Structures are given as C-alpha cells and as structure tokens.
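# Architecture at a glance
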Amino acid sequence: METAVDLDFAGGRYRFWLPLPQVVAIERGPAAHRHEGYPRSIFAMYDAISAGLGITDDGAVYVGGATALVGDIRNIIMQGLIGGASGLVDGDEIEVGPQTAGELVTANVYPARPLIEGMHIAWAILNAAINGVVLKKKQSAESEVETPNPSEKDR
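Residue numbers restart at each chain and count upward from 1, following the sequence in its written direction. Where local features are concerned, this predicted model is filtered to residues with pLDDT of at least 70; where side-chain atom pairs are given and counted, the filter is 80 or more; whole-chain, interface and lining totals use all residues. Hydrogens and water molecules were not included; the side-chain quantities draw on all heavy atoms of the structure.

## Quick word on the pairing of strand 4 (residues 59–62)
Both faces of the sheet carry side chains from a regular strand, because those side chains alternate between them. DSSP bridges decide pairing: two strands pair if at least two such bridges lie between them. Numbering goes from the N terminus for both helices and strands, where a helix is a DSSP run of H or I of at least four residues and a strand is a run of E of at least two. Pairing of strand 3 (residues 53–56) with strand 4 involves four bridges; the strand directions are antiparallel. Note on strand 4: the bridge partner recorded for leucine 53 is tyrosine 62. Between the end of strand 3 and the start of strand 4, which pair antiparallel, lie two residues.

## A few points about the packing of aromatic side chains
Pairing of aromatic rings covers Phe, Tyr and the six-membered ring of Trp, with a centre-to-centre limit of 6.5 Å; geometry is then stacked below 30 degrees between planes, edge-to-face above 60, and tilted otherwise. Using the criterion set out here, one finds three aromatic pairs in the structure. Their ring planes at 80° and their centres at 6.0 Å tell us that phenylalanine 9 and tyrosine 14 sit as a pair that is edge-to-face. In this structure an aromatic cluster arises from ring pairing among Phe9, Tyr14 and Phe16.

## Overview of the nonpolar core
By nonpolar core is meant a set of buried Ala, Val, Leu, Ile, Met, Phe, Trp, Tyr and Cys residues that side-chain atoms within 4.5 Å join together. Accessibility here uses a 1.4 Å probe with only protein chains present; expressed as a share of the type maximum, an area under 20% marks a residue as buried, one over 50% as exposed, and anything in between as partly exposed. Core analysis: the largest hydrophobic core is formed by 33 residues, its most contacted members being Phe9, Phe16, Ile77 and Leu81. Those elements giving two or more residues to this core turn out to be strand 1 (4–9), strand 2 (12–17), helix 1 (20–28), helix 2 (42–50), helix 3 (70–84), helix 4 (98–108) and helix 5 (115–131). If one sorts the elements of this core by residue count, helix 5 sits on top with eight residues.

## Topic: the packing of helix 3 against helix 5
To define axes, lines are fitted to C-alpha atoms, for helices over the stretch in contact only, and angles between the resulting N-to-C directions are given on a 0 to 180 degree scale. Interaxial distance between helix 3 and helix 5 falls to 9 Å at its minimum, and their mutual angle equals 55°. Taken together, the axes of helix 3 and helix 5 lie oblique to each other. Handedness of the crossing formed by helix 3 with helix 5: left-handed. Across from Val70, Ile73, Ile76, Ile77 and Gly80 in helix 3, the residues of helix 5 making contact are Leu115, Gly118, Met119, Ile121, Ala122, Ile125 and Leu126. Here the contact of helix 3 with helix 5 is composed, by residue class, of 10 nonpolar, two polar and no charged. Note that the term roughly parallel is reserved for angles under 35 degrees, roughly antiparallel for angles over 145, roughly perpendicular for angles of 65 to 115, and oblique for everything else. A crossing counts as left-handed when the near helix is turned anticlockwise from the far one by less than a right angle, and as right-handed when that turn is clockwise. Throughout, a residue-residue contact means that at least one pair of heavy atoms, one from each residue, lies within 4.5 Å. Throughout this entry, Asp, Glu, Lys and Arg are counted as charged residues, while Ala, Val, Leu, Ile, Met, Phe, Trp, Tyr, Cys and Pro are counted as nonpolar. The remaining residues, Gly among them, count as polar.

## Topic: the sheet that holds strand 6 (residues 92–95)
Here we have four strands laid out as an open sheet, ordered 1-2-5-6, and antiparallel in their pairing. Two strands close off the open sheet at either side, each with one partner strand: strand 1 and strand 6. On average, each strand axis in the sheet is inclined to that of its neighbour by 25°, with strand direction left out of account. Sitting on the sheet, helix 3 is in contact with strand 1, strand 2 and strand 5 (86–89), with an inclination near 90° to strand 2. The strands touched by helix 5 within the sheet are strand 1 and strand 2, with strand 1 carrying the most contacts at an inclination of about 165°.

## Re helix 3
Look at helix 3: 21 Å from first C-alpha to last across 15 residues, which is about the 21 Å you get at 1.5 Å a residue. Summarising burial for helix 3: 11 of the 15 residues are buried, a large majority. Those residues of helix 3 that fall on the buried side of the exposure criterion are Asp72, Ile73, Asn75, Ile76, Ile77, Gln79, Gly80, Leu81, Ile82, Gly83 and Gly84. Where helix 3 ends, the next residue or the one after it, alanine 85, has phi of about 60°, a positive value. Expected helix span is given by 1.5 Å per residue-to-residue step, counting one fewer step than there are residues.

Here's what the structure looks like:
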C-alpha cells in the first residue's frame with residue numbers, strides 16, 4: 001500500500017503526498033481562514049468531502065450533502081503538491097515547491113475550475129493518506145493508481 005498518489009492535474013501528472021508536516025498544515029487550516037473551527041481533523045475533512053462526491057462514467061459529480069470547505073479543498077491540494085514535490089509535464093520532470101504549488105492551485109482549482117474537480121482531487125489525496133492505495137503496473141511498465149470509488153468506500 002502506498003500513501004502517495006500520482007494524478008493528472010494542471011496539464012501534467014503530479015505526485016501528491018501528505019507527510020506529517022503537510023497533515024499538520026492541513027489540520028491547522030488555510031492561513032487566511034484560521035479561526036475557532038481549527039484545528040480540524042483530516043478524517044473529518046475526508047468525511048465532509050466524501051459525503052457529497054459520486055463517480056459516474058463521465059467523471060466526478062456532486063451528489064449533495066457535503067460539508068467540505070473550499071479553503072480546505074484548496075489547502076489539501078496545495079499541501080499534497082508540496083509533499084509530493086514532483087510532476088511530469090510534457091515529458092519533463094519538474095520539481096514542485098511551495099511557490100509552484102501555490103501557483104498551480106491558483107491557476108487550476110476553484111474559482112479557476114469547477115469545484116467538483118478540486119473536490120475529487122482532494123478526496124484522492126486524503127484517501128491515499130488514510131486508506132492507502134495499490135499501485136498496479138501497466139503493460140508499458142508505468143504506474144497507475146487504483147483508488148476506490150468514493151461512493152463505495154467503507155464507512
């Protein structure tokens with residue numbers, strides 16, 4: 001089982017990983033939104049995101065009932081990028097640090113893109129950290145992550 005996940009994002013394929021410093025940063029909340037409601041457990045965030053997320057043949061859809069905060073979704077993605085520290089864009093490997101992660105989130109997550117896209121990415125990052133994911137080999141020897149459907153997850 002792995003706790004990192006490689007996902008298509010922002011025109012490339014990026015590694016998202018939440019080592020302990022990134023988990024703490026997520027639980028403390030986005031700097032602009034730190035208030036009485038934080039620290040907030042990543043388990044509570046996972047449940048809040050999972051409650052409203054469904055998967056169809058066309059991709060992720062909002063099914064209602066989520067209590068996830070937009071700031072948390074953006075922060076999970078940014079911290080996952082920082083923890084993963086790398087991506088593959090146009091065949092070139094790139095390094096991802098805090099500044100690049102912030103720029104990627106600003107340009108590719110709500111309000112720049114529909115919120116459901118960020119919600120699904122944040123769910124996949126937390127799912128890898130909490131439940132682990134199994135990497136399966138493609139015939140071309142590349143790795144592909146198999147994650148369970150959020151509507152089929154164990155409660």
